[in-house]
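Observations on chain architecture
The chain contents come next:
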There are 2 protein chains.
Amino acid sequence: MTDRFSGLELRSTVSAAGQLTLSLETVDRDAPGPDEVIVRVEAAPINPSDLGLLLGPADLSTLRPGTGDDPVLTADIPPARMAAMKPRLDQSLPVGNEGAGTVVAAGANAQALLGKRVGMMGGAMYAQYRKLPARDCIVLPEGASAADGASMFVNPLTALSMVETLRREGHKALVHTAAASNLGQMLNRVCIADGVPLVNIVRSEAQAEILRAIGATHIVDSSAADFREKLTDAIAETGATLAFDAIGGGKLANTILHAMEAAANRTATEYSRYGSSTFKQVYIYGALDLGPTELDRGYGFAWAVSGFLLTPFLMKLGMEGVMRLRARVAAELTTTFASRYSATISLADVLDPEIVAAYARKATGEKYLIDPSR
Amino acid sequence: MTDRFSGLELRSTVSAAGQLTLSLETVDRDAPGPDEVIVRVEAAPINPSDLGLLLGPADLSTLRPGTGDDPVLTADIPPARMAAMKPRLDQSLPVGNEGAGTVVAAGANAQALLGKRVGMMGGAMYAQYRKLPARDCIVLPEGASAADGASMFVNPLTALSMVETLRREGHKALVHTAAASNLGQMLNRVCIADGVPLVNIVRSEAQAEILRAIGATHIVDSSAADFREKLTDAIAETGATLAFDAIGGGKLANTILHAMEAAANRTATEYSRYGSSTFKQVYIYGALDLGPTELDRGYGFAWAVSGFLLTPFLMKLGMEGVMRLRARVAAELTTTFASRYSATISLADVLDPEIVAAYARKATGEKYLIDPSR
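Residues numbered from 1 in each chain as written. Chains lettered and ligands numbered in written order. Predicted model: local features only at pLDDT ≥ 70, side-chain atom pairs only at ≥ 80, totals over all residues. Heavy atoms only, no water.

Some details on the sheet that holds strand E6 (residues 93-94) of chain B
All names here are of chain B. Stated precisely, the cut-off is as follows: The criterion for strand pairing is that DSSP finds at least two bridges linking the strands in question. Runs of H or I in DSSP of at least four residues are treated as helices and runs of E of at least two as strands, each being numbered from the N terminus.
As summarised here, the arrangement of the five strands in space is E4-E5-E2-E1-E6, forming an open sheet in which the pairing is antiparallel. Looking at strand neighbours, the two that pair on one side only are strand E4 (59-65) and E6, the edges of this open sheet. Summarising the sheet, strand E1 (residues 7-14) and E6 pair through two bridges and their orientation is antiparallel. Among the inter-strand pairings, Arg-11 is bridged to a residue of E6, identified as Pro-94.

What follows is the structure, given as structure tokens:
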């Protein structure tokens, strides 16, 4: 049975000498344990959250392809960025947070999954086969393709977690940046269904158009001259005091906090030297801009800027809460939580310098899907 | 009775034209209501938290004194900073968060306070007389001077609130910046008494010496070449994951978060691409550096940087909690919560350009006390 599920797995390695190497290793899967399954991976997305592990802080202008039968891709890592690499040095790390495929072997307690198409979470998905606990799989609805199920964890659970956070922390409306992304579109559909006002910040008129087409009400374009004013108007109208920011670097989080404070002060009746008492929260959940976050603190003391990461949030939410969110994702997989991909590539393509340049751009609306069975 | 308690009160006004004016107005106090008292103010500190209202963002190089019997001081406010002044334009605002003095009149239900020396909180303390609810006064212990009681709210309650926050949010040690301040010294005494490990960040060897003299264990000097390393060592040793930062601007909060993350990773057994799971919190409670806060986010996603303000925290703590903290301050007023002042000045001195330059410097260890009865 072992060699039947022998297959390629993508690995990322950073050497102490400052070189990133992507390679395809042949890995043998042992027979599944009683509660495990082996899945033939047929679709796995390249999310922004995968790129950090996949490419590290490599200088992509130094990409060098491998040759022939043993495909390898290397790139240099700037010395200034090597300190952060220390914990992963010289380890051959598998990549890929989520994916979908067909169950080709199942342990004694997981026989019901055999032959089923499932969505999976848990890393190491950029591989031809993945062995994992049955509980980390969700059976896809009848008729759903592997591509439909490939992104049923990270983006859908993140979108739902934003709305869960809003409820848990007592806010009544949301601000979201890079809002025309796959995640942003899902969030709009969730917020419309749940009646949560959502202020979408986009970076172009084309992105605004994507959101208008799916029914978004509040869309502000950060490239417009009157951006701050329009943002303040939308925040005042919705009462948003919570933002999720995918950009991270630069001044956008700061601008959002200013707009929230200005909106709060529109209804203030007296001057407070310490700013309004309206608590304003920005969660940074991405790093589309790797530069520093700049906060001028010109919005009093009732504010917080925090990192946000899905897994710890789900742990806080608890098993029952997570199962509730998962069930909703499964039920609305091809509607609310539909993903669109700009291209489907093979495992070998992931090591192609031209294709790397394309998927590493993280352009809004562009998302790559790997099909390791190709 | 009314004209008996007629006296001077300091006022700060920002005009729409961009001019700050400090003046002394004569104010008549009505007779106190049944639950009120009138206090002759004998001591009121100039805290950093008072300076924002007192001087606003005025350019102190433009200070112009008034003349003769009607003392007035004016200064220009840079146009770029006028937007934030909008809510206070053309209002003559009293100043001074806290103070102490002698009760000279009391309503029917507050007769027990008559003739007593009390500490007070509630604004408008830079005045010869202050009328306020009896519940906002604390009777000073026998033998305590007005100077002893002048700072029994802001600094002591802030120091105690830091330790309360540590307990409420589940941290086990604290980092504090500008740690040789009056507040920092109090915090050291509280932490020693309560057995809470405290990492003190100071900016000079002289400040380190002040803290060593009162028994501080962990002192790191940010002007030393090995600051980051020493800070990480102290954080690793104490397990500090909570910091209170009085500086605000620049990179110190960022440096603290890096040191906390490095300390967490010293015991990490495997690489996490998203940083450690150790939650790291920095509260910014001051603005000794008015520049922007810069966060490079090189410490994963388990972090938060938030504003911290005493009054909302006390509201969260509830009346019972506040009474507990107040009782401790009163009991330990001349020991744990002793304040030192570098100079005592009159109300008129507050309008003297040379003295303004001195008290506006906010140098660690320098604090001015106003005695309006002079």
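Next, the rest of the story.
Focus: helix H7 (residues 252-265) of chain A
Residue and element names in this part refer to chain A. Just so we agree on the cut-off: Here, expected helix span is obtained from the residue count minus one, scaled by 1.5 Å. We call a residue buried when its accessible area falls under 20% of the maximum for its residue type, exposed when it is over 50%, and partly exposed in between, using a 1.4 Å probe and counting protein chains only.
For H7, with 14 residues, the first-to-last C-alpha span of 20 Å sits near the 20 Å given by 1.5 Å per residue. Most of H7 is tucked away, with eleven of its 14 residues classed as buried. Buried residues of H7: Leu-252, Ala-253, Asn-254, Thr-255, Ile-256, Leu-257, Ala-259, Met-260, Glu-261, Ala-263 and Ala-264, and no others.

What to know about the interface of chain A and chain B
Just so we agree on the cut-off: Working rule for contacts: check all heavy atoms of both residues, and any pair within 4.5 Å makes them a contact. A 1.4 Å probe defines the accessible area here, and the buried area is the portion of it lost by two parts on being joined, summed over both. Any Lys or Arg side-chain nitrogen located within 4 Å of an Asp or Glu carboxyl oxygen qualifies as a salt bridge. Here a polar contact is recorded for every N or O atom pair within 3.5 Å, except that within protein the pair must consist of a potential hydrogen donor and a potential acceptor, and residues adjacent in sequence are included only if both atoms are side-chain atoms. Under the grouping applied here, Gly and all other residues not named as nonpolar or charged are polar, the nonpolar ones being Ala, Val, Leu, Ile, Met, Phe, Trp, Tyr, Cys and Pro and the charged ones Asp, Glu, Lys and Arg.
Tallying the contact residues gives 33 residues for chain A and 33 residues for chain B. The contact between chain A and chain B buries some 2,900 Å² in all, and 60% of this surface belongs to carbon and sulfur atoms. The interface formed by chain A and chain B includes zero salt bridges. Linking chain A with chain B are 16 residue pairs in polar contact (both at pLDDT 80 or more). The set of elements that each furnish at least two residues to the side of chain A that touches chain B consists of helix H1 (48-55), strand E15 (248-250), strand E17 (289-295) and strand E18 (303-307) of chain A. The element contributing the most residues to the side of chain A that touches chain B is E17 of chain A, with seven residues. Counted by class, the side of chain A that touches chain B contains 18 nonpolar, nine polar and six charged residues.

Concerning the domain arrangement of chain A
Residues and elements named next belong to chain A. Here is the rule: For each domain, the first and last residues come from an automatic or database assignment.
If you check the domain split of chain A, you get domain 1 (5-151 + 340-370) and domain 2 (154-312). On the side of domain 2, ten residues touch domain 1, which itself brings ten residues to the contact. At the surface where domain 1 touches domain 2, the tally comes to zero salt bridges. Where domain 1 touches domain 2, the interface holds two residue pairs in polar contact (both at pLDDT 80 or more).

Description of the pattern of salt bridges
If the charged atoms of two oppositely charged side chains come close together, the side chains can form a pair. Going through the model one piece at a time under the given rule, you end up with 38 salt bridges over all chains. Of the charged contacts, one joins Arg-167 of chain A and Asp-194 of chain A as a salt bridge, the two residues approaching to 3.0 Å between their closest N and O atoms. Taken together, the residues span a long stretch of sequence, with Arg-167 of chain A in helix H3 (residues 154-168) and Asp-194 of chain A in helix H4 (residues 182-194) at a distance of 27 residues. Between Asp-371 of chain B and Arg-374 of chain B there is a salt bridge whose closest N-O contact spans 3.9 Å. The buried category is assigned to Asp-371 of chain B, whose relative accessible area is 15%. What makes Arg-374 of chain B exposed here is its relative accessible area of 59%.

Focus: the relation of the copies chain A and chain B
Heads up, the rule is: What sets the superposition is a least-squares fit of C-alpha atoms, and only residues with pLDDT of at least 70 in both copies go into it.
Its rotation angle being 180°, the transformation that places chain A on chain B also includes 0.0 Å of axial translation and leaves an RMSD of 0.0 Å. Read as a symmetry element, the transformation amounts to a two-fold axis.

Concerning the side chain of Glu-261 of chain A
Residue and element names in this part refer to chain A. Its location among the elements puts Glu-261 in helix H7. A relative accessible area of 6% means that Glu-261 is categorised as buried. If we skip the residues at most four places from it in the chain, Glu-261 touches Gly-275, Ser-276, Lys-280 and Tyr-299.

As for the environment of Gly-115 of chain B
All names here are of chain B. In this structure, Gly-115 sits in the loop between strand E7 (98-106) and strand E8 (117-121). For Gly-115 and Pro-87, which are 28 residues apart along the polypeptide, the C-alpha to C-alpha distance reads 39 Å. The residues contacting Gly-115, other than those within four sequence positions of it, are Thr-102 and Val-103.

Brief notes about the nonpolar core
Selection rule: Buried Ala, Val, Leu, Ile, Met, Phe, Trp, Tyr and Cys residues form a nonpolar core when they are joined through side-chain atoms within 4.5 Å.
Formed by 124 residues in total, the largest nonpolar core has its most connected members in Leu-174 of chain A together with Leu-174 of chain B. Setting aside chain neighbours within four positions, we find Leu-174 of chain A in contact with Met-162, Val-163, Leu-166, Leu-187, Cys-191, Pro-197, Leu-198, Val-199, Ala-240, Leu-242 and Phe-244 of chain A. The next biggest cluster of nonpolar side chains, apart from the first, holds 45 residues, and it includes Met-85, Leu-132, Val-350 and Val-356 of chain A.

A look at the environment of Arg-340 of chain B
All names here are of chain B. Along the polypeptide, Arg-340 turns up in the loop between helix H8 (310-331) and strand E19 (343-345). For Arg-340, a relative accessible area of 64% translates into the label exposed. Remark: the alpha-carbon pair of Arg-340 and Ser-151, spanning 189 residues in sequence, is separated by 9.7 Å. For Arg-340, the contacting residues outside a window of four places in its chain are Asn-182 and Lys-367.

Regarding the packing of H3 of chain A against helix H8 (residues 310-331) of chain A
Residues and elements named next belong to chain A. Quick note on the threshold: Interaxial angles span 0 to 180 degrees and are taken between N-to-C directions of axes, which are lines fitted to C-alpha atoms, for helices over the stretch in contact. Orientation is classified from the angle alone, with under 35 degrees giving roughly parallel, over 145 giving roughly antiparallel, 65 to 115 giving roughly perpendicular, and any other angle giving oblique.
Following both chains from N to C, one finds H3 and H8 inclined at 110°, their axes separated by 10 Å at the closest point. With respect to H8, the axis of H3 lies roughly perpendicular. Touching Val-154, Pro-156, Leu-157, Thr-158, Leu-160, Ser-161, Glu-164, Thr-165 and Arg-168 of H3 are Leu-310, Phe-313, Leu-314, Lys-316, Leu-317, Arg-324, Leu-325, Arg-326, Arg-328 and Val-329, all from H8. For the contact of H3 with H8, the class distribution of residues is ten nonpolar, three polar and six charged.

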